[in-house]
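As a plain string of letters, each chain reads:
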Amino acid sequence: MSTVFREIEIDYGTPKRVSDKTVTLDIDGVSVTVPEGTSVMRAAAEAGISIPKLCATDTLEAFGSCRLCLVEIEGRRGTPASCTTPAEAGMKVKTQTDRLAKLRRGVMELYISDHPLDCLTCPTNGDCELQDMAGAVGLRNVRYGYEGDNHLKAQKDESNPYFTYDASKCIVCNRCVRACEEQQGTFALTISGRGFESRVSPGQDQPFMESECVSCGACVNACPTATLEEKTVIRIGQPEHSAITTCAYCGVGCGFKAEMKGNTVVRMTPWKDGQANEGHSCIKGRFAWGYATHKDRITKPMIRKSISDPWREVSWEEAFAYTASEFRRIQAKYGRDSVGGIVSSRCTNEEGYLVQKLVRAAFGNNNVDTCARVCHSPTGYGLGQTFGTSAGTQTFKSVEQSDVILVIGANPTDGHPVFGSRMKKRLREGARLIVIDPRRIDMVKSPHVKADFHLQLKPGTNVAVLTALAHVIVTEGLLADEYIAERCDPKAFGEWKAFVARADNSPEAMADTTGVPAELVRGAARLYATGGNAAIYYGLGVTEHSQGSTAVMAIANLAMATGNVGREGVGVNPLRGQNNVQGSCDMGSFPHELPGYRHISDSTTRALFEDAWGVTLNPEPGLRIPNMFEAAIGGSFKALYCEGEDIVQSDPNTQHVAEALMSMECIVVQDLFLNETAKYAHVFLPGSSFLEKDGTFTNAERRISRVRKVMPPLGGYSDWEVTCKLAEALGYPMPYRNPEEIMDEIARLTPTFHGVSYRKIDELGSVQWPCNESAPEGTPTMHIGGFVRGKGRFIITQYIGTDEKVTRMYPLLLTTGRILSQYNVGAQTRRTDNNQWHEEDRLEIHPHDAEDRGINDGDWVGIKSRAGETVLRAVVSERMQPGVVYTTFHFPESGANVITTDNSDWATNCPEYKVTAVQVMPVTQPSEWQQGYTRFNKLQEQLLRERESADAAATVK
Ligand code: FES
């Protein structure tokens, strides 16, 4: 056989700095100085010399298996692998000699002789490192045929819906195995067999889908051949162009390269220079993007007079004109405050900014809110009160310098998987771990990671546990006295210290309430206070409680008390649920705040916006989402513009939400799909996915990253354009030519954004706010040298138990959360092959509780709360503690929020999703409403009949 390979340039990527000390050596006559510990291969790359390689990459530790990167070193015998040989001072290295060339060609010839030579039909043709390296070592012909033993008939594993594993192309370089271990931390792959029999094996020689593989795609990225290959590349072919953009799923905000063929996405690959993810990804961002062109997308505007009428497709012009006339009619009849808007935290910063501007300037009120209301609004309040600003204090990278990691109310391996992997890597390096969670989440024990303390508290008792931790720190003399004296308000500290020192706040006194043995609380407190750099990461398991804001403040208290704010490796880090929760809060999407967290009652701020927008602003805060529902049921709130949020599925107490929506006269839903909320809508405006628009997202680190349009909007307009057109129809033109102009206005009017521009983001890759005159390149770590509010403020955190108590009728506590493969209400992920991992919500229940009720794994069980009832299948699991059950909420037919109540946080109205008293009983089938005839339908019919008879009566008069 004879094959010609092309010459290529080898990309060695960004150099990895390993030490402050340097060594100088000579490589091919070029003198080069590199940090001590740098490999000879990397040193050569620094000197502009490429050494052929196959098993080495910049993202993984060197392995030294392929023997292609051999070099000669003066005074040393043999030809060592340059990837595993550290550079030393005075070394003289030769990378190009006849002997080396011959050796490399020989090695490559052996690889190629056991590799299918169908380059021209191979999906990676032109993007294959084996092909490239064959060219680099000058291999022109392969002398050996396929006569001897080979792997060419090895079986393909097609079990994973997103990628294939074609063992015939595997060169056993181990990169996939190392990527799974080092980057992802799942350890799902091994090399089984020895010598010639060696092969990559998922789990115990299982198909990928049956193994522990989490489909993060790290193995596919790492593979230098077409062994592990995206099925979309095989189907569509190699991409032709690409753009860097930001994932639209969770608050990690991973940078991705959208690789395209024309207007079709071929694949999304994690961006190596993405500062939030550094080349890693999870199954959602990497593979679950097919929803963007799913057949369910609605691409034509639609209107209907009544929700019992069929939808009628109309032109955009008619939809805008109809909406504007309805909103103006309703305001004329019911008053200026009878309308409002909700904008999802999935939307871009620019879209969020426009919606609050539309409400404030065109509707003339402050009735604007965002779904951050139902997730992290307590973070805004709690961190604002204690530190002076509503934001996480660190970069994700900061965890690499943490000695102690405290995770409370968060499940990073499912909810924020890319950061979860980073956290696990630090734990494998030796950092200590405290987990505070009612469930035994994966972080408690996973390969090579084990929590030092798991405080398995009862749902609803976070404040009691956090205050007990503080009690130990205060009473055992573990306070950071100097730090507190220098940086914190002494009066507030004194009052707090006296409060937490009280005997009734001790771990012993709290043990019955929290269910956590006192010695565990004491051990965790000592570790957090004395273990070195200690960082807290928390999620919705902290905020979605009746004392959510109190718990956030208790966390801030702990960090201040131990001096763990204001440097790398420490801090208070809310893990934001959605891609742009931080941004939507920053953009003034709450009814009481203008962009930059400035209260609407502040006349100076109002004057700034009045001047820019040419209107007079209402100084009174508007309605929060739950207030909108109350007002709707009460008859004073009649029209809603809802962009990107499925409130019927995502908000608590679904019946209540449905009743509120049916009480309104005009509901406008702007979304990708006809979601649950659209069932109650009168106008449907097609939304655009993150692939169809320009803009920015701000992640949990305050990092502002670009979202780039890679395909035209399927409905014709990007979301920001729709809001502008609607404003124009309402008589308030917002004539932006592009989202960059919107960001320029945000930067002009918002002090923490003064230095932000698309040009700067393009230059730096991303930028963390505050970014202004005093921090022109942004602020990775906050509160260095002092708190934003001046002196850090300790706040007393009296534990008050939730009203949602177990009773004889409702003896179990239900708590909720997310799973890796699905995302929130599932509108996106349910329309992808991610369903193959999780096709329905299930109820996790402890074996004792299951046995008491005669429930077996897989049985249908009815769950009843005082708000409602639903039916799910049971999973009997020891991850739960007795007395607590758990479910996800990704499927509308599960109706998890049919049973959650409308209890909420005392400060922010964030719903108490995490605690619902329920009874669970075996049943034989799904409940009545789940079978198609919903109680909402009944209520809907009844209300429609009442409205019709009221209209008829009015006509007769
Ligand atoms: Fe060094 Fe493979 S690249 S041995």
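Residues numbered from 1 in each chain as written. Predicted model: local features only at pLDDT ≥ 70, side-chain atom pairs only at ≥ 80, totals over all residues. Heavy atoms only, no water.

## Regarding the overall build of the protein chain
Looking only at helices and strands, the protein chain has 30 helices and 37 strands in total. Its C-alpha atoms give the protein chain a radius of gyration of 29 Å, near enough to 30 Å, the size a compact globule of 957 residues would have. With the principal axes as the frame, the protein chain shows a C-alpha extent of 100 × 70 × 65 Å. Relative to its 957 residues, the protein chain shows a buried fraction of 63%. Excluding contacts between residues fewer than 6 apart, the proportion of contacts in the protein chain whose partners are at least 24 apart in sequence is 73%. Of the roughly 35400 Å² that the protein chain leaves accessible, carbon and sulfur atoms contribute 49%. Looking at the protein chain, you have 102 positive and 118 negative side-chain charges, and the mean spots of the two groups are 1 Å apart. (Helix = DSSP H or I, 4+ residues; strand = E, 2+ residues; numbered from the N terminus. Rg over C-alpha atoms; globule rule 2.2 N^0.38 Å. Buried < 20%, exposed > 50% of the residue type's maximum accessible area, 1.4 Å probe, protein only. Contact = heavy atoms within 4.5 Å. Areas by Shrake-Rupley, 256 points an atom, 1.4 Å probe, with all protein chains shown as cover. Lys, Arg positive; Asp, Glu negative; His and termini not counted. Charge placed at Lys NZ, Arg CZ, Asp CG, Glu CD.)

## A few points about unusual backbone geometry
Cis geometry is found at the peptide bond from Trp769 to Pro770, where omega equals 0 degrees. By the element assignment, Pro770 lies in the loop between strand E31 (767-768) and strand E32 (812-816). Of note in the backbone geometry, Ser215 takes a positive phi value of approximately 55 degrees without being a glycine. Within the chain, Glu278 stands out as a residue other than glycine whose phi angle is a positive 45 degrees. Structurally, Glu278 is set in the loop between strand E12 (264-270) and helix H7 (283-287). Owing to a relative accessible area of 33%, Glu278 belongs among the partly exposed residues under this scheme.

## Concerning helix H19 (residues 548-561)
The end-to-end C-alpha distance of H19 is 20 Å, a good match for the 20 Å that 14 residues give at a rise of 1.5 Å each. When you tally the buried positions in H19, you get 14 out of 14 residues, the bulk of the element. Just downstream of H19, Gly563 is the residue with a positive phi angle, here 70 degrees. (Expected span 1.5 Å × (residues − 1).)

## Looking at the packing of aromatic side chains
In this description, a pair of aromatic rings is defined by centroid distance and the angle of the planes. Counted according to the given criterion, the structure contains 22 aromatic pairs. Judged by centre distance (5.0 Å) and plane angle (70 degrees), the ring pair of Trp316 and Tyr717 falls under edge-to-face. Taken as a pair, Trp316 in helix H8 (residues 316-334) and Tyr717 in the loop between strand E30 (703-707) and helix H25 (719-729) lie far apart in primary sequence, 401 residues in all. The pair formed by Trp316 and Tyr717 is uniform in burial state, with each residue classed as buried. A cation over a ring is seen here: Arg439 above Tyr886, with NZ or CZ 3.6 Å from the ring centre. Residue placement shows Arg831 over the ring face of Phe673; its charged tip is 3.7 Å from the ring centre. (Phe/Tyr/Trp six-rings, centres within 6.5 Å; stacked < 30°, edge-to-face > 60°. Lys NZ or Arg CZ within 6 Å of the ring centre and 35° of its normal.)

## Some points on the pattern of salt bridges
In the structure shown here, the tally under the stated rule is 47 salt bridges. A salt bridge links Lys295 to Asp296; the nearest nitrogen and oxygen atoms lie 3.6 Å apart. One salt-bridge network, held together by shared partners, links Asp127, Glu230, Glu259, Arg267 and Arg286. (Salt bridge = Lys/Arg side-chain N within 4 Å of Asp/Glu carboxyl O.)

## A look at the side chain of Asn533
Structurally, the position occupied by Asn533 is in the loop between helix H17 (518-530) and strand E22 (534-538). At 3.0 Å, the side chain of Asn533 and the backbone oxygen of Gln401 are in polar contact. Aside from chain neighbours lying at most four places away, what touches Asn533 is Gln401, Ser402, Asp403, Val404, Asn564, Arg567, Glu568, Gly569 and Val570. (Polar contact = N/O pair within 3.5 Å; in protein donor to acceptor, adjacent residues only side chain to side chain.)

## Points about the UniProt feature "domain: 4Fe-4S Mo/W bis-MGD-type" (unreviewed entry) in the protein chain
UniProt's feature table lists "domain: 4Fe-4S Mo/W bis-MGD-type" (unreviewed entry) at residues 240-296, given in the numbering used throughout. The distance from the first to the last C-alpha atom of residues 240-296 is 27 Å, and the span holds 9% helix and 35% strand. (UniProt positions renumbered as here; feature names shortened; annotations may be inferred.)

## Section: the sheet that holds strand E18 (residues 432-436)
Spatially, five strands are ordered E21-E18-E17-E22-E23 in an open sheet, and the strand pairing comes out parallel. The open sheet terminates on both sides in strands that have one partner only, identified here as strand E21 (453-455) and strand E23 (571-574). Direction aside, neighbouring strands of the sheet carry axes that sit 15 degrees apart on average. By the bridge criterion, five bridges tie strand E17 (residues 404-408) to E22 in an arrangement that is parallel. Within the sheet, the bridge partner assigned to Val407 lies in E22 and is Tyr537. (Pairing = 2+ DSSP bridges. Axes fitted to C-alpha atoms, helices over the stretch in contact; angles between N-to-C directions.)

## Describing the nonpolar core
Formed by 70 residues in total, the largest nonpolar core has its most connected members in Phe163, Leu228, Ile405 and Leu433. At four residues, the largest contribution of residues to this core is made by helix H12 (residues 417-428). Not counting the four nearest positions on each side in its chain, Leu433 is found in contact with Ile405, Val407, Leu427, Met443, Val449, Ala451, Asp452 and Phe453. (Core = buried A, V, L, I, M, F, W, Y, C linked by side-chain atoms within 4.5 Å.)

## Structural notes on the sheet that holds strand E10 (residues 241-246)
The strand order across the open sheet built from three strands is E10-E11-E12, with neighbouring strands paired in antiparallel fashion. Strand pairing shows two members of the sheet lacking a second neighbour, E10 and E12, which therefore form its edges. In this sheet, adjacent strand axes meet at a mean angle of 30 degrees when their direction is disregarded. Here strand E11 (residues 255-261) pairs with E12 via six bridges, running antiparallel. Counted as the bridge partner of Lys257 is Thr269 from E12.

## Quick word on helix H26 (residues 739-749)
By the burial criterion, the buried members of H26 are Pro739, Ile742, Met743, Glu745, Ile746, Ala747 and Leu749. Here the buried face of H26 lies against helix H9 (349-363), strand E25 (598-599), helix H21 (603-613), strand E29 (695-698), H25 and helix H27 (758-764). Regarding H26, its N-cap is Asn738, as a side-chain oxygen of that residue lies 3.1 Å from the backbone nitrogen of Glu740 further along.

## Points about the pairing of strand E37 (residues 916-922)
Where burial is concerned, most of E37 is hidden: five out of the seven residues are buried. Pairing of E32 with E37 involves three bridges; the strand directions are antiparallel. Residue Leu814 lies in a different strand from E37, and its bridge partner there is Thr916. Bridge count between strand E34 (residues 860-864) and E37: four bridges; the pairing is antiparallel.

## Concerning the packing of helix H4 (residues 175-184) against H12
Between H4 and H12, the shortest axis-to-axis distance is 8 Å and the interhelical angle comes to 90 degrees. By the angle class used here, H4 and H12 are roughly perpendicular. Listed contacts from H12 to Glu181, Glu182, Gln183 and Gln184 of H4 are Ser421, Lys424, Lys425 and Arg428. Within the contact of H4 with H12, the residues separate by chemical class into no nonpolar, three polar and five charged. (Parallel < 35°, antiparallel > 145°, perpendicular 65-115°, else oblique. Nonpolar A, V, L, I, M, F, W, Y, C, P; charged D, E, K, R; others polar.)

## Things to note about the side chain of Asp905
Position of Asp905 relative to the elements: it lies in the loop between helix H29 (896-899) and E37. Despite its burial, Asp905 remains without a salt bridge, the nearest opposite charge being carried by Arg624 at 7.1 Å. A polar contact of 2.6 Å, which involves the side chain of Asp905, links it to the side chain of Thr908. When neighbours within four sequence positions are excluded, Asp905 is seen to be in contact with Pro378, His545, Ser546, Gln547, Gly548, Ser549 and Cys910.

## A closer look at the pairing of strand E36 (residues 884-887)
The side-chain alternation of E36 yields two buried faces, one formed by Val884 and Tyr886 and the other by Val885 and Thr887. Here E32 pairs with E36 via four bridges, running parallel. Of the residues in E36, the one forming a bridge with Thr816 is Thr887. Examined bridge by bridge, strand E33 (residues 842-845) and E36 share three bridges and lie antiparallel to one another. Along E36, the bridge assignment pairs Leu843 with Thr887.

## What about the confidence of the model for the protein chain?
It should be kept in mind that the predicted coordinates are not to be read in detail where pLDDT is low. For the protein chain, mean pLDDT is 90; residues scoring 70 or higher make up 93% of the total. The least confident element of the protein chain is helix H30 (residues 935-956), whose mean pLDDT is 56; the most confident is helix H13 (residues 462-475), at 98. A low-confidence stretch, residues 1-18 stays under pLDDT 50, and its non-local contacts, those more than four residues away or across chains, total 60 contacts. (pLDDT = per-residue confidence, 0-100.)

## Structural notes on the environment of Asn627
Here Asn627 lies in helix H22 (residues 625-634). Since its relative accessible area comes to 29%, Asn627 is described here as partly exposed. Sequence separation of Asn627 and Val233 is 394 residues, and the distance between their C-alpha atoms is 49 Å.

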